[in-house]
Amino acid sequence: MCGIAGIFQFRKGNNHHDALHRMIHCQAHRGPDGQGAYEEPSDGIYLGHLRLSIIDLSAQASQPMKDADDRYMLIFNGEIYNYQEIRSGISDYPFKTQSDSEVILASYRKWGKDCVKYFNGIFGLAIWDKKEKSLFISRDQLGIKPVYFALDPDKIVFASEIRALLSSGLLPKKINQSALYDYLTYQSTLGSDTLIENIIRLEPGHSLFIKNGKMEKFQYWDLLAERKFEFENQESVQRQVKEKVLGAVRRQMVSDVPIAAFLSGGIDSSIMVACMALQSDQPVNTFTLAFDEQQYDESEHAEVIAKKYKTNHHKINLASNDILEQIPNIIYQMDNPSGDGINSYIVSAAIRNAGMKVAISGLGGDELFAGYGYAKMYKRVIDQNGMWSFSKPLRHLGARILSKAKSSSKQKFSQILKTDHPSLHTLYPVFRAVFSKPEINKILQDRGTGGLFIKYLASHESDLSRLPGLSRFSAGDILGYTEGVLLKDSDQMSMANSIELRVPFFDIDLVEYVMAIPDTYKNPVTPKKLLVDAMDQMIPESIWNRKKMGFTLPWNTWLRGELHTYCKNALNDLADRGLMNGSVIRDYLARFEKNDSSVSWSRIWTLVVLEKWMQQHLDVPAYA
């Protein structure tokens, strides 16, 4: 796991040595074990790499890495979990290392741009072809590792982080007005949009090929593609799920350094630990956070799993003050602003302090196996699609009544009832929105031109309709909230602590199979019933049959207490910018201070983080 940075100058221009090394330095946390650069000003190519040594710790595996013929040069962030299998199928390459990086080079030499179709892993990579003077850039299928780029007629600049691009000095620091809409909706930007104008996030499963000053972008893997599997009966489906989950964990345990596991005491992390323990000849290193506040503490449930599988268990006791002291620094570590992610930073820091640098997480179980209540609600609505138009007057009456309620959940249900065409693109923003569309229009003074992710879902409605109903919602979540918030936050917060985070529930083989499973086998009578049944008593009933809790913190109390001044100052600064409607921002703050239940802490925090991020990264002028 590492960081990459690069510049490809199409036309003769300035020497970019200093810009490259500013980008490398800015991402030092991503690779504390070494750094390197390849620069050829005559070709206009500058490549930088930071290394976090995980597989083949030798100096020979350092990057930038050249192939055996000295034609291709690679920089790579991530892991290719099936690299040994791929390597065994390439008999005509003289391997010199045991690294997955060299397997990428051999694969590119053999298959060219199609090489990424063979990779099961997490990656952001770039390969320079010295002979053809071309650059290939690619990102993994589900977007677990980031790649950002900026393109103009003279050059492309790319890196693992936005702040690296900004540190280059080659790009203007200007807010992207259209992306503010999606940020306020989802507490982060989704798809290719970022909050910086002209900085683009390469979409999951996509590659770039640049030659002769021209760029081609193409998709090599599609979550929505139709795939055929045989589903004989419930037992056979469960058996396949179990085999694929075990296989995913086994692949992602490949490492030349010790591996830790996040263990919250919930279903997903408990299954990860169980799978690791059953496939390891050494005790699993598990880490659990414990809190003084009983309502937020899950450590007793984690200890059940730790004892069952005899793990090397670490219980990290944290008081509220321990976390509160870190919050300004954690926000400082955000490459992208997000209303989420604090928890990932805290767990990653605890693991790093214990001397480890690889961890496995249960992230993705809810998204893949319809564990959220939203998925069940979506399924109920689309199943009644035929009756929806007949009940329109009654639905609209109920919507008007509920719209007057102060409860945010009732307001969401009001928006659902108003929907005349229940589909993923009309319902998804209701389920996931922090601010509603009317609220955003007020905040942005009707200047917002966003909703780009919803436009994407609408344009792919026919592709989505081929999926089972629950998988349709999973697709929206994986392409939207998961990639744009959860995976992005997990990457930036774990890498801020120089931790490589692995997520077996997003193994490609597992995802492709589960997305095709009919609802009759997946229908979540209890949370993630298919997953729980498939794992065959690997976790006790006390874990899977308890109320879902998740890793939560007492934000509602903190934002009105210890963090009140911090938040109030940030919101007043945001209101004064002229970027948004200042009176609306101040009204939200005033209502929150008066315990108005319609203003949740997540709305306040989303705005606070945005302001703090802009103060750190941008010089944002008043809106003209």
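This structure is a prediction, so every number in the text was calculated from the model and none was measured. (Residues numbered from 1 in each chain as written. Predicted model: local features only at pLDDT ≥ 70, side-chain atom pairs only at ≥ 80, totals over all residues. Heavy atoms only, no water.)

**Here's the deal with a nonpolar patch on the surface**
And step 1. Taken together, the side chains of Leu394, Leu397 and Ile401 make up a nonpolar region of the molecular surface, amounting to roughly 320 Å² of accessible area.
And step 2. You can call Leu394 exposed: its relative accessible area is 64%. (Patch = residues over 30% accessible without salt bridge, like charges linked within 9 Å, V, L, I, M, F, W, Y side chains within 5 Å. Areas by Shrake-Rupley, 256 points an atom, 1.4 Å probe, with all protein chains shown as cover. Salt bridge = Lys/Arg side-chain N within 4 Å of Asp/Glu carboxyl O. Buried < 20%, exposed > 50% of the residue type's maximum accessible area, 1.4 Å probe, protein only.)

**A short note on the sheet that holds strand β12 (residues 214–219)**
And step 1. Pairing is antiparallel in the open sheet, where six strands are placed in the order β4-β5-β6-β7-β11-β12. The open sheet is flanked by β4 (65–66) and β12, the only strands paired with a single partner.
And step 2. Of the strand pairs in this sheet, β4 and strand β5 (residues 72–80) are connected by two bridges, and their pairing is antiparallel. If you follow Lys66 over to β5, its bridge partner there is Met73.
And step 3. In the packing of helix α3 (residues 100–111) onto the sheet, contacts are made with β4, β5, β6 (121–129), β7 (134–139) and β11 (206–211), and the angle to β5 comes to roughly 125°. (Pairing = 2+ DSSP bridges. Helix = DSSP H or I, 4+ residues; strand = E, 2+ residues; numbered from the N terminus. Contact = heavy atoms within 4.5 Å. Axes fitted to C-alpha atoms, helices over the stretch in contact; angles between N-to-C directions.)

**Points about the packing of aromatic side chains**
And step 1. Scanning the model with the defined rule gives 23 aromatic pairs in all.
And step 2. Between Trp555 and Trp605, the ring centres sit 4.8 Å apart and the planes meet at 35°, which makes this aromatic pair tilted. On the criterion of sequence distance, the pair formed by Trp555 in helix α26 (residues 555–560) and Trp605 in helix α29 (residues 601–617) is long-range, its members being 50 residues apart. When sorted by exposure, Trp555 lands in the same class as Trp605, which is buried.
And step 3. Here the guanidinium or amino end of Arg432 rests over the ring plane of Tyr481, the centre of that ring lying 4.1 Å away.
And step 4. Across from the ring centre of Phe592, 3.8 Å away, lies the NZ or CZ of Arg560, which sits over that ring. (Phe/Tyr/Trp six-rings, centres within 6.5 Å; stacked < 30°, edge-to-face > 60°. Lys NZ or Arg CZ within 6 Å of the ring centre and 35° of its normal.)

**Topic: the confidence of the model for the protein**
And step 1. Overall, the predicted model of the protein reaches an average pLDDT of 89, with 95% of residues at or above 70.
And step 2. Overall, residues 620–624 carries pLDDT values under 50, and its contacts beyond four positions in sequence, including any with other chains, amount to 10 contacts. (pLDDT = per-residue confidence, 0-100.)

**Considerations on the packing of helix α6 (residues 234–252) against helix α22 (residues 508–516)**
And step 1. Direction vectors running N to C along α6 and α22 enclose 160°, while the axes themselves pass 9 Å from each other. On the basis of their axis angle, the class for α6 and α22 is roughly antiparallel. Here α6 and α22 pass one another in a crossing that is left-handed. Of the residues in α22, those touching α6 at Ser236, Val237, Gln240, Val241, Lys244, Val245 and Arg251 are Asp509, Leu510 and Tyr513. (Parallel < 35°, antiparallel > 145°, perpendicular 65-115°, else oblique. Left-handed = near helix turned anticlockwise from the far one by under 90°.)

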